[in-house]
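# Observations on the three-dimensional arrangement
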Amino acid sequence: MVDPLADVVALLRPAARFSKQVSGAGQWRIRRSDGGEPFYCAVLEGSCHIALDDQAPVALQAGDFVLVPAAHAVCMTSAEPPPEDVLSTPVAVAEGLFRIGARKGEADLRILAGHCTFASPNAGLLVSLLPRLIHVRDAPRLSALVQLLGEESRARRPARDVVLERLLEVLLIEALRSPGEQATVWPGLAQGLADPRLSTAIRALHADPTRPWTVAAMAKEAALSRSSFFARFQARVGMAPMEYLLAWRMALAKDLLSHRAAAVAEIAARVGYGSASTFSVAFTRHVGQSPSQFARGKVAGGSQHIAA
């Protein structure tokens, strides 16, 4: 069976880039602006709160994992927040280890937090298909990974950093393909797949992106009227059906242009366009450069060649 979320994760190619351990005690609040970078946090011990872009805070507890595919304004506080005007600054106490809140006394929180990267040239397009915040709890596989992270971060075994990086990459993939605690809060592909009617249409679209899809054809797959399907899709996924189709076709095209020695005309056909010219116009409008320009930029330093 086609798995659209797995398709997105496979194209994103997530990887851990930077992480730090933070221990906290007492009351504290930190605010940061990450300029749209992917942010993650694994709670190893204790509890805290996280709020994204001035939305209502989400309570986190030991074993939880949070992934924000494109973080902007992020606020984290102790389980019992301090007054609104109180801001705290993490203090480095060792390499890769920071302390927040009370400087002395036993810590009541330990987290692993940092940024990740999406190696795909489609990152911007694909992130738009994901929820703005993914919060996973009570997932046995993920909880086991968080526990392994905690154990490895406390140990000083050989190749510790390599193991931590690999564990984080698996965590990122698990989080991306999990519906998460916030699936009903943030629109995205996961919420669309949680709707049995929409899921049928989305899977059909991913199974055959070359089909001449229309909203009516998608609605028929979902066994809904055109208007009901459109409204339901917009509410659950966060974009119109044809906008989703275009985003997915462009994501596939960019991946093919980046990694395959294929002519633009062939790629056009493989992503659902009847001619290279029609595809080129759509691609240029959506990406900001022609398929040939994009391909040349991606393979300039390599041996691949993509014909126009």
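Attention here is on the structure that accompanies the text. (Residues numbered from 1 in each chain as written. Predicted model: local features only at pLDDT ≥ 70, side-chain atom pairs only at ≥ 80, totals over all residues. Heavy atoms only, no water.)

Further remarks concern the overall build of the protein. Helices and strands together make up the secondary structure of the protein, namely 12 helices and nine strands. Radius of gyration (C-alpha) of the protein: 22 Å, near the 19 Å computed for a compact globule of 308 residues. Across its three principal directions, the C-alpha atoms of the protein cover 70 × 50 × 35 Å. Of the accessible surface of the protein, which amounts to about 14,300 Å², a share of 53% is contributed by carbon and sulfur atoms. Here the protein contributes 33 positive and 28 negative side-chain charges, whose respective centroids are spaced 5 Å apart. (Helix = DSSP H or I, 4+ residues; strand = E, 2+ residues; numbered from the N terminus. Rg over C-alpha atoms; globule rule 2.2 N^0.38 Å. Areas by Shrake-Rupley, 256 points an atom, 1.4 Å probe, with all protein chains shown as cover. Lys, Arg positive; Asp, Glu negative; His and termini not counted. Charge placed at Lys NZ, Arg CZ, Asp CG, Glu CD.)

If you trace the backbone, Ser78 turns up in strand 5 (residues 65-78). Not counting chain neighbours up to four residues away, the residues in contact with Ser78 comprise Gly26, Gln27, Trp28, Cys48 and His49. (Contact = heavy atoms within 4.5 Å.)

Before going further, it helps to spend a moment on the state of the cysteines. Scanning all chains against the criterion turns up zero disulfides. Not engaged in a disulfide, the cysteine Cys75 finds its nearest cysteine sulfur in Cys48; these two sulfurs lie 11 Å apart. The class of Cys75 is buried, set by a relative accessible area of 12%. (Disulfide = S-S within 2.5 Å. Buried < 20%, exposed > 50% of the residue type's maximum accessible area, 1.4 Å probe, protein only.)

Before going further, it helps to spend a moment on helix 1 (residues 4-12). Of all the residues in helix 1, the buried ones are Pro4, Leu5, Val8, Val9, Leu11 and Leu12. Within helix 1, the buried residues cover an arc of 165 degrees as seen down the axis, which keeps them to one side. For helix 1, the N-terminal capping position is held by Asp3, with its side-chain oxygen 3.2 Å away from the main-chain nitrogen of Leu5. Arg13 sits one or two positions beyond helix 1 and adopts a positive phi of about 50 degrees. (Arc of directions from axis to C-beta. Polar contact = N/O pair within 3.5 Å; in protein donor to acceptor, adjacent residues only side chain to side chain.)

Grouped together as the largest cluster of nonpolar side chains are 72 residues, with contacts concentrated most on Phe65, Leu67, Leu149, Phe229, Tyr244, Trp248 and Phe279. The biggest single contributor to this core is helix 9 (residues 241-259), with 10 residues. Membership of the second largest hydrophobic core comes to 21 residues, among which are Val22, Phe39, Val74 and Ile100. (Core = buried A, V, L, I, M, F, W, Y, C linked by side-chain atoms within 4.5 Å.)

Before going further, it helps to examine the packing of aromatic side chains. Applying the stated criterion across every chain, the model contains six aromatic pairs. Ring centres of Tyr40 and Phe65 lie 6.3 Å apart, and the angle between their planes is 15 degrees; on these two criteria the pair is classed as stacked. On the criterion of sequence distance, the pair formed by Tyr40 in strand 2 (residues 29-45) and Phe65 in strand 5 is long-range, its members being 25 residues apart. The exposure classification of Tyr40 matches that of Phe65, with both residues buried. Judged by centre distance (5.6 Å) and plane angle (55 degrees), the ring pair of Tyr273 and Phe279 falls under tilted. There is no split in this pair, since Tyr273 and Phe279 are both buried. Among the aromatic side chains, those forming a connected cluster through ring pairs are Tyr273, Phe279, Phe283 and Phe294. One residue, Arg211, lies across the ring of Trp213, its end atom 4.0 Å from the ring centre. (Phe/Tyr/Trp six-rings, centres within 6.5 Å; stacked < 30°, edge-to-face > 60°. Lys NZ or Arg CZ within 6 Å of the ring centre and 35° of its normal.)

Here we come to the packing of helix 9 against helix 11 (residues 276-287). At a minimum axis distance of 11 Å, the contact between helix 9 and helix 11 shows a crossing angle of 100 degrees. Relative to helix 11, helix 9 is oriented roughly perpendicular. Judged by residue contacts, Leu246, Ala247, Met250, Ala253, Lys254 and Leu257 of helix 9 engage Phe279, Ala282, Phe283, His286 and Val287 from helix 11. Each residue belonging to the contact of helix 9 with helix 11 can be placed in one class, and the counts come to nine nonpolar, one polar and one charged. (Axes fitted to C-alpha atoms, helices over the stretch in contact; angles between N-to-C directions. Parallel < 35°, antiparallel > 145°, perpendicular 65-115°, else oblique. Nonpolar A, V, L, I, M, F, W, Y, C, P; charged D, E, K, R; others polar.)

A few words on unusual backbone geometry. Positive phi outside glycine occurs at Arg13, with the angle close to 50 degrees. Of note, Arg13 is situated in the loop between helix 1 and strand 1 (14-25). Judged by relative accessible area, Arg13 falls into the partly exposed class, the value being 30%. One non-glycine residue, Ala223, adopts positive backbone phi at about 55 degrees.

Treat this as a map of the structure, not an account of what it does.
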